[in-house]
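# Structure assessment
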2 protein chains.
Amino acid sequence: MPKLFIITFSLLLFAGFANAQNNKPYVRIAKIVIDSTQLESYKSQLKTGMETAVKIEPGVLSMYAVYDNQFPTHITILETYASKEAYQSHILTPHFKKYKSGTLSMVKSLELTDVTPIAYEAKKKK
Amino acid sequence: MPKLFIITFSLLLFAGFANAQNNKPYVRIAKIVIDSTQLESYKSQLKTGMETAVKIEPGVLSMYAVYDNQFPTHITILETYASKEAYQSHILTPHFKKYKSGTLSMVKSLELTDVTPIAYEAKKKK
């Protein structure tokens, strides 16, 4: 009986921990280098994919994409999801799959870094 | 007389061009490495400086700061100003000067990259 209690208690603890982990925002910086001959098409597909994700997925909180002025094929995206689960659900959506398959041949390299917000400050949209 | 006309016309053209340039958003990625023994103090001063800038300066549109999970002393900030002039005015403000002098000894390296937005998508704040 005490053994069962310990097992149950441990499982509950673990579940609580896993849940706490999943409820943390999941934030990443993606650094992508694009084939220069397909850059305009890539940017257009990226923009469409981002707009759709933030609009229809409750767990996709924000996506900010920029290109390097000196190396315009170098793209950086700051992606913020409500949780790791929200990210995992994002990559299963039709719009993400469409972006991924549509841009696969354009991406020369992709580097992902997990990050944690210190502060997000923005003027409120009117 | 035609020479004066040409000079005047050129100056007007240049002024128009300079103005168009200045009205473009000015966006940068700052990559900063912080002395690990002063990291908490740095983050707190950064947050305060960012909050104040976005709150009181009309030309500071957004600032997003994150740290690398694997290398927590590595900070990335995506800074968006309404124009180059807004940035130049930002660095003259008392809160920026306070942040700059207060964190000078904490910053081990600083790398600035000028970038251009492709898309900024975020859930609207309620």
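So, a few notes on the structure that sits alongside this text. (Residues numbered from 1 in each chain as written. Chains lettered and ligands numbered in written order. Predicted model: local features only at pLDDT ≥ 70, side-chain atom pairs only at ≥ 80, totals over all residues. Heavy atoms only, no water.)

Between chain A and chain B, which share one sequence, the superposing operator has a rotation angle of 180° and an axial displacement of 0.0 Å; the RMSD is 0.0 Å. Put plainly, the chains are arranged around a two-fold axis. (Least-squares fit on C-alpha atoms with pLDDT ≥ 70 in both.)

For the rest of this paragraph, the subject is the interface of chain A and chain B. In this complex, chain A contributes 39 residues to the contact, which on the side of chain B involves 39 residues. Both faces combined, the contact of chain A with chain B buries some 3300 Å², and carbon together with sulfur accounts for 62% of it. The largest per-residue losses of area from chain A upon contact with chain B belong to Ile118(A), Glu121(A) and Lys123(A), which jointly make up 24% of the total buried on that side. Here chain A is connected to chain B by zero salt bridges. Here chain A is connected to chain B by 21 residue pairs in polar contact (both at pLDDT 80 or more). Listing elements by their share of the side of chain A that touches chain B, those giving two or more residues are β1 (26-34), α2 (39-56), β2 (60-68), β3 (74-81) and β4 (107-122) of chain A. Here the side of chain A that touches chain B gets 10 residues from one element, more than from any other, and that element is β4(A). The residue inventory of the side of chain A that touches chain B, partitioned by class, reads 22 nonpolar, five polar and 12 charged. (Contact = heavy atoms within 4.5 Å. Buried area = accessible area lost by both parts, 1.4 Å probe. Salt bridge = Lys/Arg side-chain N within 4 Å of Asp/Glu carboxyl O. Polar contact = N/O pair within 3.5 Å; in protein donor to acceptor, adjacent residues only side chain to side chain. Helix = DSSP H or I, 4+ residues; strand = E, 2+ residues; numbered from the N terminus. Nonpolar A, V, L, I, M, F, W, Y, C, P; charged D, E, K, R; others polar.)

With eight of nine residues buried, strand β2 (residues 60-68) of chain B lies mostly within the body of the structure. Judged from the seven bridges that link them, β4(A) and β2(B) form a sheet pairing that is antiparallel. Directly across from Tyr120(A), in β2(B), lies its bridge partner Tyr64(B). Pairing of β2(B) with strand β3 (residues 74-81) of chain B involves seven bridges; the strand directions are antiparallel. (Buried < 20%, exposed > 50% of the residue type's maximum accessible area, 1.4 Å probe, protein only. Pairing = 2+ DSSP bridges.)

According to the stated counting rule, one finds 13 aromatic pairs over all chains in the structure shown. Plain terms: the ring middles of Tyr26(B) and Tyr87(B) are 5.3 Å apart, the flat faces sit at 50° to each other, and that makes the pair tilted. Highlighted residues: Tyr26(B) in strand β1 (residues 26-34) and Tyr87(B) in helix α3 (residues 84-90), separated in sequence by 61 residues. Both residues of the pair, Tyr26(B) and Tyr87(B), belong to the buried class. Ring geometry for Tyr42(B) versus Tyr99(B): centroids 6.1 Å apart, planes at 55°, classification tilted. Taken together, the residues span a long stretch of sequence, with Tyr42(B) in helix α2 (residues 39-56) and Tyr99(B) in helix α4 (residues 94-103) at a distance of 57 residues. Judged by its relative accessible area of 14%, Tyr99(B) falls in the buried class. Site record: aromatic cluster; members linked through ring pairs are Tyr64(A), Tyr120(A), Tyr64(B) and Tyr120(B). One residue, Lys43(A), lies across the ring of Tyr67(A), its end atom 4.3 Å from the ring centre. (Phe/Tyr/Trp six-rings, centres within 6.5 Å; stacked < 30°, edge-to-face > 60°. Lys NZ or Arg CZ within 6 Å of the ring centre and 35° of its normal.)

Moving on to the pattern of salt bridges. Side chains that differ in sign of charge can pair as their charged atoms come close. All names here are of chain A. Within the structure shown, the criterion is met by six salt bridges over all chains. With a closest N to O distance of 3.5 Å, Glu-40 and Lys-43 form a salt bridge. Of this pair, Glu-40 and Lys-43 are both found in helix α2, three residues apart, which corresponds to roughly one turn of the helix. By relative accessible area, which is 57% here, Glu-40 ends up exposed.

All chains considered together, the criterion is met by one cavity of 30 Å³ or more. Size it by volume and the largest cavity reaches roughly 80 Å³. Around the largest cavity, the lining residues are Ile29(A), Tyr64(A), Val66(A), Thr76(A), Ile77(A), Leu78(A), Ile29(B), Tyr64(B), Val66(B), Thr76(B) and Leu78(B). For the lining of the largest cavity, the secondary-structure elements that each account for two or more residues are β2 and β3 of chain A together with β2 and β3 of chain B. For the lining of the largest cavity, the per-class residue count stands at nine nonpolar, two polar and no charged. (1 Å grid on protein atoms, 1.4 Å probe; cavity = no way out; pocket = protein on both sides within 12 Å on 5 of 7 lines; lining within 4 Å. Points joined across faces, edges and corners; volume = space filled by probe spheres on them.)

Interpretation note: all reported values are geometric properties and have no functional meaning in isolation.
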